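Residues per chain, in single letters:
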Amino acid sequence: MQHKLGAVFFVLTFPLATQAGDARMEIQATTGYLAAPQLTDWQGDAMGGLSVGLDWPVLDQLRLGLRLTFGVVAMPYGSEDGEPLPGGRSGYNPSYFESATTFLPTVAFSMGIPLGERVSLDLALGLGLVSSSEMEFRSFLPNPSAGLGLAVYLGRSQFIDVGLRLQVDAMLMAWFEGTPVLLQPQVGLFMAF
């Protein structure tokens, strides 16, 4: 039985192990906009970010990996019976609407599908946080996130690739009434090693 399980594990992991030498690290700086159409008193603002990724080929036309993203935006918060209310004023305390630096860290599994020699479709699925001094303990509650991007390689060499990525990330604020979605259209400059 152990030999059969070992053989199955080998067959499943062999493509990953054989391609490990082709692993690639990517660093990207992004700028964009955080759109929050479902929030009542704030619809969004400019944001910036940084992401780091690691991926490797598992098939000729498929790369899998992990992506860590760190976005920053100034978001206002109201107070609903002492609880934070992102992007909205409340009847409980309508005069309270304070802006706070908000961090949007995300960890996601990524998938890259080449569409040509210089273009790639990128997909991501993971978990993210909405963290600020206003959010208190809710800063540590994970929210589902997803991303879709199109990478265009501007220059390629044996050691480094440079490109531009257009992407839209979305985070579902699962712990808030109405489960608002934060949309993050962005453009980023990346380097892959």
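Data block above holds the structure.
Numbering of residues begins from 1 in every chain and follows the order in which that chain's sequence is written. This being a predicted model, a pLDDT of at least 70 is required before a residue's local features are given, and a value of 80 or more before pairs of side-chain atoms are given or counted; all residues contribute to the totals for chains, interfaces and linings. As a rule here, side-chain values come from all non-hydrogen atoms in the structure, and water together with hydrogens is ignored.

**Quick word on the packing of aromatic side chains**
By convention, a stacked pair of Phe, Tyr or Trp rings (six-membered ring in the case of Trp) has centres within 6.5 Å and planes under 30 degrees apart, an edge-to-face pair has planes over 60 apart, and any other such pair is tilted. The full count for this structure, using the stated rule, is two aromatic pairs. With 5.5 Å between their ring centres and 25° between their planes, Phe70 and Phe103 make a pair best called stacked. Taken together, the positions of Phe70 in strand 3 (residues 62–80) and Phe103 in strand 5 (residues 98–114) put the pair 33 residues apart, joining distant regions of the chain. Ring geometry for Tyr153 and Phe190: centres 5.4 Å apart, planes at 90°, overall edge-to-face. Taken together, the residues span a long stretch of sequence, with Tyr153 in strand 7 (residues 143–156) and Phe190 in strand 9 (residues 181–192) at a distance of 37 residues. Buried means the residue's accessible area, taken with a 1.4 Å probe over protein chains only, is under 20% of the maximum for its type, while exposed means over 50%, and partly exposed covers the values in between. What makes Tyr153 buried here is its relative accessible area of 7%. Phe190 gets classed as buried once you look at its relative accessible area, which sits at 0%. Here, a charge over a ring means that NZ of Lys or CZ of Arg falls within 6 Å of the ring centre while also lying within 35 degrees of the ring normal. In this structure, Arg138 is placed above the aromatic ring of Phe176, and the distance from its NZ or CZ to the ring centre is 5.0 Å. Here the basic side chain of Arg165 rests over the ring of Phe190, its NZ or CZ set 4.6 Å away from the ring centre. Labels follow the DSSP assignment, with helices taken as runs of H or I lasting at least four residues and strands as runs of E lasting at least two, numbered in each case from the N terminus.

**Topic: the pattern of salt bridges**
Should a side-chain nitrogen of Lys or Arg be within 4 Å of a carboxyl oxygen of Asp or Glu, the pair is scored as a salt bridge. Taken as a whole, this structure holds eight salt bridges when the rule is applied. Here Asp55 makes a salt bridge to Arg24, at a shortest N to O gap of 2.9 Å. You can see Asp55 sitting in strand 2 (residues 44–59) and its partner Arg24 sitting in strand 1 (residues 24–35), a full 31 residues away along the chain. Residue classification places Asp55 among the buried residues on the basis of a relative accessible area of 14%. Judged by its relative accessible area of 12%, Arg24 falls in the buried class. Between Glu83 and Arg138 there is a salt bridge whose closest N-O contact spans 3.1 Å. Taken together, the residues span a long stretch of sequence, with Glu83 in strand 4 (residues 83–86) and Arg138 in the loop between strand 6 (119–128) and strand 7 at a distance of 55 residues. On the basis of relative accessibility, which here comes to 35%, the residue Glu83 falls in the partly exposed class.

**Side note on empty space enclosed by the protein**
We place a 1 Å grid over just the protein atoms. Points where a 1.4 Å probe fits but has no way out form a cavity, open points with protein on both sides within 12 Å along at least 5 of 7 lines form a pocket, and any residue with an atom within 4 Å of a point lines it. Grid points are joined across faces, edges and corners, and a volume is the space filled by probe spheres set on the points. The final tally for this structure, using the stated rule, is one cavity of 30 Å³ or more. For the largest cavity, the calculated volume is near 90 Å³. Lining the largest cavity are 16 residues, with Arg67, Thr106, Ser145, Asp169 and Gln184 sitting closest to its centre. Along the lines of polarity and charge, the residues of the lining of the largest cavity split into seven nonpolar, seven polar and two charged. Here the term charged refers only to Asp, Glu, Lys and Arg, the term nonpolar to Ala, Val, Leu, Ile, Met, Phe, Trp, Tyr, Cys and Pro, and the term polar to all other amino acids, Gly among them.

**A few points about the side chain of Thr69**
Along the chain, Thr69 falls in strand 3. Residue class for Thr69 comes out buried when judged on its relative accessible area of 13%. Polar contact is defined as a pair of N or O atoms within 3.5 Å, subject to the rule that within protein one atom must be able to donate a hydrogen and the other to accept it, and that residues adjacent in sequence are counted only when both atoms are side-chain atoms. Within polar-contact distance, the side chain of Thr69 engages the side chain of Arg67 at 3.3 Å.

**A short note on unusual backbone geometry**
Comment: phi is negative for the bulk of residues other than glycine, and the bulk of peptide bonds are trans. Unusually for a residue other than glycine, Glu136 sits at a positive phi of about 50°. Along the polypeptide, Glu136 turns up in the loop between strand 6 and strand 7.

Shape descriptors only; they carry no functional weight alone.
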